[in-house]
Amino acid sequence: MGDEKNVKGAQTVFRALGLLKQIAEHHPSGILLNALAQTAALDRTTAYRLACSLVESGLVERDANKVYRLGLEAMQLGLAAMKGAPILDRCRPFMQRLARRTEDTAFLVVRNGDYGHCLLSEEGSFPVKALVLQVGGMRVLGIGSAGMTLLSLFSDDEIDKLYARHRDEFRPKGPTLAQLRRLVAQTRKLGYASTDNLVTEGVSGVGMNFQITPGSYAAVSVAAINSRMQGDRKLRIAELIAEELRAEGFEPRFSGE
């Protein structure tokens, strides 16, 4: 009897993990229950019961339209795994150089679904620090220069949908959808994100995305108080970021022209 229960328990775990993998493959656009059950080869009732358990655990979220996506707990697990990822060892030296050359704070952010996760920050020597993001922090894409440059990789339709999904996270301080579209258009034109007072009043930032592996993107940003981001300094910082990325074998979209 005990062995039979163990087998059933293991089967339930494997099925739940299978659902989680399917949801991950359809993140961030999401997947409906019928499609989820079909791809996992489960009847609808079983799929619904397992999906509800995943929602209760925080690994999965279900929106008002009954679309399933990865939840915050799943993203946190992904972030924990990234702490020992080779990307950190590869990026830490040039991040330290960037902080030293700009004298400001540099951040390394990876895309995780609709969010940007900060994996690394390096402080420069300037006494007034712009510590707008903590290592391990997660912020919806479009808020902050790193998130803005990652958001610029989305299609216009995908941006509209992301804004609708996270309207409450944008509302407190903005930007509005119209402002977000303008900032994305500017980022695409320049090849880097240039933001002012987007996260914290009195702080400006420059961000640039780059491809880690095919289909997987990260961003480097530099933040400083507004008085240090006047004139052509933002362009100079963008050039420094691109220079450091290329020195490590990454190819940013920014041409510098």
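Read on for a plain summary of the structure. Numbering of residues starts from 1 in every chain and runs along the sequence as written. Reporting of local features is limited, given that this is a predicted model, to residues whose pLDDT is at least 70; pairs of side-chain atoms are given and counted only at 80 or more, and all residues count toward the totals for whole chains, interfaces and linings. Heavy atoms from the whole structure form the basis of all side-chain values; hydrogens and water molecules are not counted.

## Let's talk about the overall build of the protein chain
Here comes step 1: Secondary structure elements are defined from DSSP: runs of H or I of at least 4 residues count as helices, runs of E of at least 2 residues count as strands, and each element is numbered from the N terminus. Across its full length, the protein chain holds ten helices and nine strands.
Here comes step 2: Counting only C-alpha atoms, the protein chain reaches 70 × 40 × 30 Å along its principal axes.
Here comes step 3: We call a residue buried when its accessible area falls under 20% of the maximum for its residue type, exposed when it is over 50%, and partly exposed in between, using a 1.4 Å probe and counting protein chains only. Counting over 257 residues, the protein chain shows a buried share of 46%.
Here comes step 4: Contact between two residues is taken to exist if any of their heavy atoms lie within 4.5 Å; hydrogens are not considered. Across the protein chain, every contact between residues at least 6 apart in sequence was considered, and the portion connecting residues at least 24 apart equals 57%.
Here comes step 5: In summary, the charge assignment counts Lys and Arg as positive and Asp and Glu as negative, without counting His or the chain termini. Think of each charge as sitting on NZ of Lys, CZ of Arg, CG of Asp or CD of Glu. Across the protein chain, the mean location of the 33 positive side-chain charges is 2 Å away from that of the 29 negative side-chain charges.

## A short note on the pattern of salt bridges
Here comes step 1: In what follows, salt bridge is the name for a side-chain nitrogen of Lys or Arg lying within 4 Å of a carboxyl oxygen of Asp or Glu. Following the criterion strictly, the structure yields 17 salt bridges and no others.
Here comes step 2: When the shortest N-O distance is used, the salt bridge between Arg-101 and Glu-243 registers 3.0 Å. In this pair, Arg-101 is assigned in helix H5 (residues 86-102) and Glu-243 in helix H10 (residues 233-247), connecting sequence segments 142 residues apart.
Here comes step 3: For Arg-101, a relative accessible area of 35% gives the class partly exposed.
Here comes step 4: A relative accessible area of 39% places Glu-243 in the partly exposed class.
Here comes step 5: A salt bridge links Arg-236 to Glu-239, with the nearest nitrogen and oxygen atoms 3.7 Å apart. On the criterion of helical spacing, the pair formed by Arg-236 and Glu-239 is a turn pair, its members being three residues apart in helix H10.
Here comes step 6: Taking the relative accessible area as the measure of exposure, Glu-239 reaches 28% and is therefore partly exposed.
Here comes step 7: Ionic contacts of the salt-bridge type, sharing partners, join the residues Arg-97, Arg-101, Glu-243, Glu-244 and Glu-248 into one network.

## Quick word on unusual backbone geometry
Here comes step 1: The phi angle at Lys-66 is positive, at roughly 65 degrees, despite the residue not being glycine.
Here comes step 2: The residue Lys-66 is located in the loop between strand E2 (60-62) and strand E3 (67-70) in this model.

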